[in-house]
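Observations on the three-dimensional arrangement
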Amino acid sequence: MLLRRGFTPASVVLMLFAIVSLNIVWGYPWAGVFCSCATMFGVGWLLNRLSAPTLVVKASTPDHVPVGQATRISVELTNAGRLPASDLHIGLAESRSQWRRLCQAHCTPIEWLPAGFSCRISDTMTWEERGIHRLPSVWVDHYFPFYLFRSTRSYVQVNEVAVTPLPSESESDPLAGQLRSHLEGIVRSRHLGDLSHYVGSREYQVGMPVRRWDFASWARLGKPIVRQYSAPSSDSVLLIVDTSCDDTSGEVPSRLGVPRYANVERLLRNAAYAIEFLSEANVPIYLCVTTQEESKGIVSGETGLLLSELASAESCLPAAAATQLSGALRDRQAEHAIVLSTRGSETTDDRLLNSVIWITVSEENRHARPMAQPSRVATAEGESTGNPSEIDIAYAAATRSASG
């Protein structure tokens, strides 16, 4: 089996020539031709195995990439042996069979690599499924001498790439449109100040952002007066992603061997949209993703770290998610809180839902028309405006804690 795998077109031609020299005439000069072929066959195979290079492989990859985006993978190979390496074909593949199919079209030929020297190859990878993916193995074909035989060796990579959900688009997903309206309101209140943080009034100047006019002072002084509000002491956002799922009928196929559900995947895409939107506005984000095991707690940091948490998210039981969700709301220090869930807020204590925006993802709101503005918004005074939402979105107003 090892000998057969090492055959190349050159070795096959040499073997056929040796067989022909036996079948035609047994005598001079065919005996010499056969001996020459046999010698080249044996010595070539021995040299191919003894001169096989020993390489040290180091891959360079981004920490996270979105689903479906082509990513350039760079691999550095160092010849750690005592002998130079020559006639190498190098590439990336997940298995030997895949490497055999791709080696001719996607390999990088290296004609000469002295001992102690390094070379660099690159390839383009595209992942079509969210999750934590290990890089494909690096496969090296060695053809020395004279491409008579091929020895193949693979180097398993330990590097992992977080393939994050592709952010939803507000034009195609009505839920993303509703979420965008709330996020814009949070960013606006961060820059203009919240109505509950009144600090005084001053005369209006051209270009000054206006949150509310002071009409009483305007009438008394005869000049336009505006009210000024300070930004809240904590302008961060707590984003809670509830990955529990009661409806298992919407399971989607997965190559990673873990259950995936359509509503949860849609929820994670909207969470990725919220993280990118708030990060572009420089709003600090605290992220909590429910898990089946013990809660990992609230995570904060750079955008890449938060998106990597979404990449590794898995579905969990509603009971475990409810406990972790309540704990995150109880311990939150952020001014704003957004909950993305496939369930309603009925099972959550009303006292924890003060100024919380609860968005429920379900099959019913998948094809609903996007709305330009949120239908109901909890304000600092405890009032809400607008009509009931056309899609299944529940808002917890500030008055719920007072009435409870």
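The structure this text deals with has already been given above.
A short tour of the structure in this document, coming up. Computed from a predicted model, the values in this text were never measured in an experiment.

What counts as what
In every chain, residue numbers begin from 1 and rise along the written sequence. Residues qualify for local features only when their pLDDT is at least 70, as the model is predicted, and side-chain atom pairs are given and counted only at 80 or more; totals for whole chains, interfaces and linings, by contrast, use all residues. Side-chain figures throughout are based on the complete set of non-hydrogen atoms in the structure, without hydrogens or water. The patches reported here contain residues having more than 30% relative accessible area and no salt bridge. Joining distances are 9 Å for like charges and 5 Å for nonpolar side chains (Val, Leu, Ile, Met, Phe, Trp, Tyr). Where accessible areas are quoted, they stem from the Shrake-Rupley method and a 1.4 Å probe; at the residue level, only the protein chains shown are allowed to cover. A pair is scored as a salt bridge if a Lys or Arg side-chain nitrogen falls within 4 Å of a carboxyl oxygen belonging to Asp or Glu. Starting at the N terminus, helices and strands are each numbered in turn, a helix being any DSSP run of H or I of at least four residues and a strand any DSSP run of E of at least two. For the exposure calls, accessible area comes from a 1.4 Å probe over protein chains only, and a residue counts as buried if that area is under 20% of its type's maximum, exposed if over 50%, partly exposed in between. The pairing criterion for strands is at least two bridges between them, as found by DSSP. Think of each axis as a best-fit line through the C-alpha atoms, taken over the contacting stretch in the case of a helix, with angles from 0 to 180 degrees between the N-to-C directions. Residue contacts are counted whenever heavy atoms from the two residues lie within 4.5 Å of one another. Put simply, buried Ala, Val, Leu, Ile, Met, Phe, Trp, Tyr and Cys residues joined by side-chain atoms within 4.5 Å make one nonpolar core. Oblique is the label for every angle not falling under 35 degrees (roughly parallel), over 145 degrees (roughly antiparallel), or within 65 to 115 degrees (roughly perpendicular). Under the scheme applied, nonpolar residues are Ala, Val, Leu, Ile, Met, Phe, Trp, Tyr, Cys and Pro; charged residues are Asp, Glu, Lys and Arg; polar residues are all the others, including Gly. Whenever a pair of cysteine sulfur atoms sits within 2.5 Å, that pair is classed as a disulfide. The pairing test for Phe, Tyr and Trp rings, Trp by its six-membered ring, is centres within 6.5 Å, and the orientation test on the planes gives stacked under 30 degrees, edge-to-face over 60, and tilted for anything in between.

Some words on a nonpolar patch on the surface
- Together, Val12, Leu16 and Ile19 make up a nonpolar patch on the protein surface, roughly 230 Å² of accessible area in all.
- Position of Leu16 among the secondary structure elements: in helix α2 (residues 9-24).
- Owing to a relative accessible area of 47%, Leu16 belongs among the partly exposed residues under this scheme.

Describing the sheet that holds strand β9 (residues 151-155)
- Strand order in the open sheet made by the 4 strands is β5-β4-β8-β9, with antiparallel pairing throughout. Each edge of the open sheet is held by one strand with a lone partner, namely β5 (108-113) and β9. Each strand of the sheet is rotated relative to its neighbour by a mean of 25°, with strand direction disregarded.
- Contacts between helix α4 (residues 96-106) and the sheet are confined to β4 (85-93), β5, β8 (137-142) and β9, with β4 contributing the most and set at about 115° to the helix.

Describing the sheet that holds strand β3 (residues 71-79)
- Spatially, 3 strands are ordered β1-β3-β6 in an open sheet, and the strand pairing comes out antiparallel. The open sheet terminates on both sides in strands that have one partner only, identified here as β1 (55-60) and β6 (118-125). When strand polarity is set aside, the average angle formed by the axes of neighbouring strands in this sheet is 25°.
- With 8 bridges connecting them, β3 and β6 associate as antiparallel partners. Directly across from Leu77, in β6, lies its bridge partner Cys119.

A few points about the environment of Arg188
- Within the secondary structure layout, Arg188 lies in helix α5 (residues 174-192).
- Sequence separation between Arg188 and Ala281 is 93 residues; the distance between their C-alpha atoms is 9.9 Å.

Things to note about unusual backbone geometry
- Pro145 follows Phe144 through a cis peptide bond whose omega is 0°.
- Relative to the elements of secondary structure, Pro145 occurs in the loop between β8 and β9.
- Here the phi dihedral of Asn282 falls at roughly 60°; this positive angle occurs in a residue that is not glycine.
- Mapping Asn282 onto the fold places it in the loop between α7 (262-280) and β17 (285-289).
- Assessed through its relative accessible area of 60%, Asn282 is described here as exposed.
- Even without a glycine there, the phi angle at Ser355 is positive, about 60°.

Remarks on the nonpolar core
- By size, the foremost hydrophobic cluster in this structure holds 35 residues, and its most contacted members are Leu239, Val241, Leu310 and Ile338.
- Looking at this core, the elements that each hand over two or more residues are α5, β14 (237-241), α7, β17, α8 (303-311), β19 (336-341) and β20 (356-360).
- Among the elements that take part in this core, α7 stands out by supplying 10 residues, more than any other.
- When neighbours within four sequence positions are excluded, Leu239 is seen to be in contact with Ala271, Ala274, Ile275, Tyr286, Leu287, Cys288, Ile338 and Leu340.
- Ranked by size, the runner-up nonpolar core spans 23 residues in total, among them Val65, Leu88, Ile90 and Leu113.

Structural notes on the packing of α7 against α8
- Remark: α7 packs on α8, axes separated minimally by 10 Å, with the N-to-C direction vectors making an angle of 175°. Taken together, α7 and α8 sit at an angle that is classed as roughly antiparallel. Between α7 and α8, the residues in contact are Leu268, Ala271, Ala272, Ile275, Glu276 and Ser279 and Thr303, Leu306, Leu307 and Leu310, respectively.
- Tallied by class, residues from the contact of α7 with α8 come to 7 nonpolar, 2 polar and 1 charged.

Observations regarding the state of the cysteines
- Taken as a whole, this structure holds 0 disulfides when the rule is applied.
- Unpaired in this structure, Cys37 has its nearest cysteine sulfur neighbour in Cys35, at a distance of 9.3 Å.
- Judged by relative accessible area, Cys37 falls into the buried class, the value being 8%.

Describing the packing of aromatic side chains
- Applying the stated criterion to the full structure yields 5 aromatic pairs.
- Where Phe7 meets Phe149, the ring centres are 6.3 Å apart and the plane angle is 50°; that geometry is what we call tilted. On the criterion of sequence distance, the pair formed by Phe7 in the loop between α1 (2-5) and α2 and Phe149 in the loop between β8 and β9 is long-range, its members being 142 residues apart.
- Centroid distance Tyr143 to Tyr147: 5.0 Å. Interplanar angle 20°. Geometry classified as stacked.
- For Tyr147, a relative accessible area of 30% translates into the label partly exposed.
- Chaining the aromatic ring pairs together yields one cluster made of Phe7, Phe41 and Phe149.

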